Amino acid sequence: MKQEIDDNYKYYCLTFDVIDHLYSKGKTEEALSLGMEAAWFCRYNYSGFYVDSRLENFLLEVGNKIEILNNGVNTKKAENKKLKILHVATEIYDTGGHTREFQTWIDFDTGNQHDIVLTNHNHSSIPDFFKQTIEKVDGTIYKFNNSHSFSERVSFLRNIADQYNLIALHLHPNDVIPVVAFAKGISTPVAFQNHSDWLFWVGSSITDYLLELRGSMMEVNKVRRQIEKASVLPIVISKPEGLSREEARRMMKVNAGEIVILAIANNFKITPLENKNFFEDIIPVLNKNEKVRLYIIGVAASSEFGKKYSHPKITYVGLTKDTETYKYACDIYVDCYPVTSMRAVLEAGLWMVPVLRMYTPASYSYYNLDGYTYPLYYPKNRAEWQNMLNTYINDAEQRKEDARKVYVNMVEHHTGDNWLKYLQAFYKETLTIKHSVHPMTSNKNMYTLAEEDMLEVLRNNVHKNIYLVRFLGNISFKLKLKVLFNSRSFNLHSAKLFVYYLLGIKEKTAQ
């Protein structure tokens, strides 16, 4: 795997050669656009690092030189002693843990004022649950998309930043806009909620405070991201209300005495990794027990896995907004692997069902907090995992006892006033900070340990390439040749484009 990681790194460096050339020719918008693609590439093609000094410092340089437009926006003032908090996100969705993570933050912190800026929201609407949350705190959503220039979006953020007490970032790994915006000219402290703590992302250079979701990743991310100040803000979850268990099981046509197992994941998180195959591990247990059914939310029956692992006791639900019925009806929640769905695992603890975690998790799938009354348990191997699942299926008392333990942990650290204690401690420490920029030192050490190898294997099915050839018209002849013969997206169309550029023919007229 080290060779693949090295190849990724070399390709990333080639991409940055193009970024440098574009920027040197005054093509800042094109350079920033390619910078976003480069960051997205590193997110899906592990290249040996979790933050890149070359990209971060380039974005800081652009931020220091970019022309700031006067948009004349004044946000609402906070009343009384309320804090005024600006949340900056790339975009939000109807489903998924990322959106819920900062939506529930706002939902629990109604004593303060919250506004939202979406830097690249290309959907037609905002989810209703998100609108309702913002309305409760009398907040405003400012929405941008890729029809707006980088200058427009950067200018808006920089112009409003100092009207707030705190800026909280909830970004996609490739969102360069806040980095450019907060490169200078603001004093409000900037916190980054690290919901992608095991992935490459941009933003370390403008982050004053790192908010980790789990204690096990805090120290390692201080080193990887070159950020000094950090603390844990646990994932906040809501206690379920609505259907009764009986109603949910009736709606799902669950037979009397049938045991319902639930798992939530997407194709990426459940992709078999070397000797870990969720489907092959759980099917023998299903075959062994007569009255049992597994529902997998997030994986469609028409998907590769749905077809390959079709089974009479497995229902592939696919993506759905209506997850509540399945949650209320289940008897056991099973964490999918090799990549955990952290929010779903924690929420399951409030449903009063036992949670079976994966065996021998990698660091990116391990979740724990200091202070849990009942330390979380991860099985030591596949056999123990299968035995525990079999016990849960056949022993109602064991299910009840283990459900109680996980419920206590969730209530004490992830809900209501108990979670707000973490948030208040974060506010108290962060609000004393004045924003400063942190130019990055070079990436002296590449991370090529066993877990990074595992990440590269896992991502083989979702590699993202950069169509560098489309920038041929803006770069030198020598660099064109380098791009053409080293680009991962090289094909006949690429070669045709290259010939057109050499002959001075525009692509549209040549087709």
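Everything numeric here is computed off the predicted structure, so don't read it as measured data. Per chain, residue numbering runs from 1 following the sequence as it is written. In view of the model being predicted, local features appear only for residues whose pLDDT reaches at least 70, and side-chain atom pairs are presented and counted only at 80 or more, with totals across whole chains, interfaces and linings using the full set of residues. Processing note: side-chain calculations cover all non-hydrogen atoms of the structure and skip hydrogens and water entirely.

Moving on, we get to the packing of aromatic side chains. Working definition: rings of Phe, Tyr and Trp (its six-membered ring) pair if their centres are within 6.5 Å, and the pair is stacked with planes under 30 degrees apart, edge-to-face with planes over 60 apart, and tilted otherwise. In this structure the tally under the stated criterion is 30 aromatic pairs. The interplanar angle of 80° and the centroid separation of 5.6 Å between the aromatic rings of Tyr337 and Trp385 together place this pair among those described as edge-to-face. Taken together, the residues span a long stretch of sequence, with Tyr337 in the loop between β11 (332–334) and α14 (342–348) and Trp385 in helix α15 (residues 382–394) at a distance of 48 residues. Accessibility classification places Tyr337 together with Trp385 in one group, the buried group. Put simply, the rings of Phe278, Phe279, Phe305, Tyr309, Tyr316, Tyr337, Tyr359 and Trp385 touch in pairs and so form one group of aromatic residues. It is Arg43 that lies over the ring of Tyr44; its NZ or CZ is 4.1 Å from the centre. Sitting over a ring, as applied to charges here, requires NZ of Lys or CZ of Arg to be within 6 Å of the ring centre and within 35 degrees of the ring normal. Taking the ring centre of Tyr50 as reference, the NZ or CZ of Arg224 above it sits at 3.9 Å. Under the scheme used here, helices are H or I runs from DSSP no shorter than 4 residues and strands are E runs no shorter than 2 residues, and both carry numbers assigned from the N terminus. Relative accessible area decides the class of each residue, using a 1.4 Å probe on protein chains only: under 20% of the type maximum gives buried, over 50% gives exposed, and in between gives partly exposed.

A few words on the pattern of salt bridges. Whenever a carboxyl oxygen of Asp or Glu lies within 4 Å of a side-chain nitrogen of Lys or Arg, that contact is scored as a salt bridge. In total, this model carries 12 salt bridges according to the counting rule given. With a shortest N-O distance of 3.0 Å, Arg249 and Asp331 are connected by a salt bridge. A residue pair is termed long-range when its members are at least 10 positions apart, and Arg249 in helix α9 (residues 245–251) and Asp331 in the loop between α13 (324–329) and β11 qualify at 82 residues. Judged on exposure class, the residue Arg249 and its partner Asp331 are both buried.

Attention shifts here to the environment of Ala329. On the secondary structure map, Ala329 appears in helix α13. By relative accessible area, Ala329 is classed as buried at 0%.

Turning to the nonpolar core, a few remarks are in order. Here the nonpolar core consists of buried residues drawn from Ala, Val, Leu, Ile, Met, Phe, Trp, Tyr and Cys, with membership extended through side-chain atoms lying within 4.5 Å. Formed by 90 residues in total, the largest nonpolar core has its most connected members in Leu55, Phe58, Ile167, Leu169, Phe182, Leu262 and Tyr333. Non-local contacts of Tyr333, meaning those with residues more than four positions away in its chain, are made with Leu262, Ala263, Ile264, Ala344, Val345, Ala348, Trp351, Val353, Pro354, Val355 and Leu356. What makes two residues a contact is simply this: any of their non-hydrogen atoms within 4.5 Å.

A few words now on the sheet that holds strand β5 (residues 190–193). In this description, strands pair whenever DSSP reports at least two bridges between them. With parallel pairing, 7 strands are arranged side by side in an open sheet as β3-β2-β1-β4-β5-β6-β7. The outermost strands of the open sheet, each flanked by one partner alone, are β3 (141–143) and β7 (230–232). Ignoring which end each strand starts from, the neighbouring axes of this sheet average 20° apart. Where strand β2 (residues 113–118) meets β3, 3 bridges bridge the pair, whose relative direction is parallel. For Ile116, the partnering residue across the bridge sits in β3 and is Ile141. The convention used is that axes are lines fitted to C-alpha atoms, helices contributing only their stretch in contact, and that angles between N-to-C directions extend from 0 to 180 degrees.

Listed as buried for helix α11 (residues 278–288) are Phe278, Phe279, Asp281, Ile282, Ile283, Val285 and Leu286. With a side-chain oxygen positioned 3.0 Å from the backbone nitrogen of Phe279, the residue opening α11 is Asn277. Residues adjacent in sequence count toward polar contacts only when both atoms are side-chain atoms; beyond that, a polar contact is any pair of N or O atoms within 3.5 Å, and within protein one must be able to donate a hydrogen and the other to accept it.

With that out of the way, let us pick up the confidence of the model for the protein chain. Interpretation of this model should avoid reading the predicted coordinates in detail wherever pLDDT is low. pLDDT is a per-residue confidence score from the predictor, ranging from 0 to 100. Predicted confidence across the protein chain gives a mean pLDDT of 85, with 86% of residues reaching 70 or more. Taken as a whole, residues 506–511 scores under 50 in pLDDT and shows 6 contacts with residues more than four places along the chain or in a different chain.

A few words on helix α16 (residues 396–414). Expected span of a helix: the number of residues minus one, times 1.5 Å. Under the 1.5 Å per step criterion, the end-to-end length of α16 is 26 Å for 19 residues, consistent within 8% with the ideal 27 Å. Tucked into the core, α16 has its buried residues touching β8 (259–264), β11, α14, β12 (355–356), α15 and α17 (416–430). Taking the backbone nitrogen of Glu397 as reference, a side-chain oxygen 3.1 Å away marks Asp395 as the first, capping residue of α16. Trailing α16 by a residue or two, Gly416 shows a phi angle of about 50°, which is positive.

The next subject is the side chain of Arg158. Looking at where Arg158 falls in the secondary structure, it is placed in helix α6 (residues 150–161). Charge counting treats Lys and Arg as positive and Asp and Glu as negative, with His and both chain ends excluded. It is Asp162 that comes nearest to the buried, bridge-free Arg158 among opposite-charge side chains, at 9.2 Å. Sequence-distant contacts of Arg158, defined by excluding residues within four places in its chain, comprise Gly63, Ile66, Ile68, Val180, Ala181, Ala183, Lys184 and Ile186.

On to the packing of helix α1 (residues 2–24) against helix α2 (residues 28–44), then. Two elements in contact, α1 and α2, have axes separated by 8 Å at closest approach and are oriented at 170°. The angle between α1 and α2 falls in the class roughly antiparallel. Counted together, Asn8, Tyr11, Tyr12, Thr15, Val18, Ile19, Leu22 and Tyr23 of α1 and Thr28, Glu30, Ala31, Leu34, Gly35, Ala38, Phe41 and Cys42 of α2 form the full contact between these two elements. For the contact of α1 with α2, the per-class residue count stands at 11 nonpolar, 4 polar and 1 charged. The labels follow the angle: roughly parallel below 35 degrees, roughly antiparallel above 145, roughly perpendicular from 65 to 115, and oblique for the rest. Here the nonpolar group is Ala, Val, Leu, Ile, Met, Phe, Trp, Tyr, Cys and Pro; Asp, Glu, Lys and Arg are the charged ones; every other residue, Gly included, is treated as polar.

A word on the pairing of β2. As a general feature of sheets, a regular strand has side chains that alternate between the two faces. Most of β2 sits out of view: 6 of its 6 residues are buried. With burial as the criterion, each face of β2 is covered, one bearing Gln113, Asp115 and Val117 and the other bearing His114, Ile116 and Leu118. Alignment of strand β1 (residues 84–89) against β2, held across 6 bridges, turns out to be parallel. Pairing of Ala89 across the sheet is with Leu118, part of β2.

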